[in-house]
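# Architecture at a glance
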Amino acid sequence: MRLIPPITFGTDVRKALSGADLYVRVFQILSLLPVLYLFVAAAHPAVMTSRNVLSALFDAGMSTLPRAESLLLAALYRHTGNEIYVYFALLAAALLLGILGNRLFRDNHRSGRKTRLVFTVMIVADLILRVAPFAFNSTFGLPAAVFGFAVRLACLVLILLDLRADRQSTVIK
Amino acid sequence: MKDRKLTLNGILVILIVFSAIYLFATITAFRVMDPSVMNETYPIEGTDYSIRYSTFEPSGIVKGSNSNTAELVFEGNYGADWGAAAEGDTLYVNAYRATSYGLMLCDVVQIDLAGRKESPLFPNAVLRGRCASGELVVVSGVLLPANYPESNALCRLYAMGSAGLHPDNKESEILFFDPSVGEVVYRIPGTSAFSDDFEERYLDKTLEEVKTCD
């Protein structure tokens, strides 16, 4: 008997992507934006001395992450003084969400619904945190903050559409 | 033969593995190839102690100002370029920390030379020297200008969520610290942490004069 279920790295793309799946993918792709800056800056420190496309991507990526995650990353950076930890923490968080998403949304109808509800609550809490007058909300500039808010709001709409479709299918059954 | 598709999770796993090799190799290579060679000693006002920066010997606080004969008292990466002060057996200096990408961070620390003990006084702050009446002038809540904090994305990440630290040095505060009492006796919230006239405005005046002008 297998105690640990196998980890699925892949998703069958022939199945239609639900809103929640899209949310996971959007989150994963946007998590890669700050990684690009950190990757290039390791070999070319001059990237850090001026505003450029990479730093704009960094700002956009950091602003689209859940605010709690970016605050945790900042705390990790201040505590360790090591950018490489931040780099791998970003990738690990994206991978973890991808694996969890595949498992929770695919395996079981009930667990998928619960996960969507949890995600909805988390995104709503994140959106409220974003509009609150905290200094950290303006760290990456207004355009990045607006972009981050819009992306997360879009994710919320996608998941709500998922939940509505889920409820309708349950009613029909 | 199985038909495997490269998915986003798969790409992330590959990225983690390959970038681990790249990043560790790059950072190590940069440290190995660091071309800067230095051996300099800066005396600390009113004492026979100096701060030594050296690539040949351990850097830190040394007794004596001759780089060849000076005796190392306290090892560390300290700075006297913005200011350092002594009060009895206690030294007040800037302590530098470098991140792995080379960002320099600065804290004000006090060093008990008799007990050979370092204790942090103000994190993310720069000691600029003494004012005319003897109080130490410290600028707190700042990132060093050499890091290009206004354009550096990593400085913004570092400052995010930190109380009283802003990448544009907007939250900086000028503190007048009385070393004999061990307390901050006056504060000026301001943005002039590294201005050209800082010396004239704060260091050349007594605390009372600063209060009057403020």
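Residues numbered from 1 in each chain as written. Chains lettered and ligands numbered in written order. Predicted model: local features only at pLDDT ≥ 70, side-chain atom pairs only at ≥ 80, totals over all residues.

Let's shift gears to the overall build of chain B. Each helix and strand counted, chain B has four helices and 13 strands in total. For a compact globule of 214 residues, the expected C-alpha radius of gyration is about 17 Å, and chain B comes in at 22 Å, more than 25% above that figure. Counting only C-alpha atoms and orienting by the principal axes, one finds that chain B spans roughly 85 × 45 × 30 Å. Out of the 214 residues in chain B, the part that is buried amounts to 34%. (Helix = DSSP H or I, 4+ residues; strand = E, 2+ residues; numbered from the N terminus. Rg over C-alpha atoms; globule rule 2.2 N^0.38 Å. Buried ≥ 20, exposed ≤ 12 C-beta atoms within 10 Å, placed from the backbone.)

A few words now on helix 1 (residues 19–43) of chain A. A rise of 1.5 Å per residue sets the reference length of helix 1 of chain A, with its 25 residues, at 36 Å; its end C-alpha atoms lie 38 Å apart and thus fit the reference within 8%. A maximum bend of about 30 degrees is found in helix 1 of chain A at P34(A). (Expected span 1.5 Å × (residues − 1). Bend = angle between axes of the 7 residues up to and from the residue.)

Right, let's get into the sheet that holds strand 11 (residues 136–140) of chain B. Working definition: the strands of a sheet are paired by backbone hydrogen bonds and lie parallel or antiparallel to each other. All names here are of chain B. On the basis of which strands lie adjacent, the open sheet formed by four strands has the order 10-11-12-13 and antiparallel pairing. Single-partner strands in this sheet number two, and they are strand 10 (125–130) and strand 13 (183–189). Strand-to-strand twist in this sheet, taken as the mean axis angle between neighbours without regard to direction, amounts to 25 degrees. Sheet topology places strand 11 next to strand 12 (residues 173–178); five bridges connect them, and they run antiparallel. What sits directly across from V137, in strand 12, is F176. (Pairing = 2+ DSSP bridges. Axes fitted to C-alpha atoms, helices over the stretch in contact; angles between N-to-C directions.)

Moving on: the nonpolar core. Membership of the largest hydrophobic core comes to 83 residues, with the highest contact counts inside it found for V93(B), V138(B) and L157(B). Tallying contributions element by element places helix 1 of chain A first for this core, with 11 residues. Viewed by domain, this core spans two of them, domain 2 (38–76) and domain 3 (77–214) of chain B, each represented by three or more residues. (Core = buried A, V, L, I, M, F, W, Y, C linked by C-beta atoms within 7 Å. Domains from an automatic or database assignment.)

Attention now moves to the domain arrangement of chain B. All names here are of chain B. Taken domain by domain, chain B consists of domain 1 (8–34), domain 2 (38–76) and domain 3 (77–214). The C-alpha centroid of domain 3 is placed 21 Å from the C-alpha centroid of domain 2. Listed per partner, the contact involves 13 residues of domain 2 and 14 residues of domain 3. If you list the elements that add at least two residues to the side of domain 2 that touches domain 3, you get strand 2 (49–54), strand 3 (60–63) and strand 4 (71–75). Considering only residue class, the side of domain 2 that touches domain 3 consists of seven nonpolar, five polar and one charged. (Contact = placed C-beta atoms within 7 Å. Nonpolar A, V, L, I, M, F, W, Y, C, P; charged D, E, K, R; others polar.)

Residues and elements named next belong to chain A. At a closest axis distance of 7 Å, the pairing of helix 1 and helix 2 (residues 53–64) adopts a crossing angle of 140 degrees. Considering how the two elements wind past one another, helix 1 and helix 2 form a crossing that is left-handed. Note on element contacts: helix 2 touches helix 1 through L54, S55, L57, F58, A60, G61, M62 and T64, opposite L30, S31, L33, P34, L36, Y37 and V40. A per-class count over the contact of helix 1 with helix 2 returns 11 nonpolar, four polar and no charged. (Left-handed = near helix turned anticlockwise from the far one by under 90°.)

Of the residues lining the interface, 41 residues belong to chain A; the matching set on chain B comes to 31 residues. Broken down by secondary-structure element, the contributors of at least two residues to the side of chain A that touches chain B are helix 1, helix 2, helix 3 (67–80) and helix 4 (83–107) of chain A. Ranked by residues supplied to the side of chain A that touches chain B, first place goes to helix 4 of chain A with nine residues. Along the lines of polarity and charge, the residues of the side of chain A that touches chain B split into 25 nonpolar, 11 polar and five charged.

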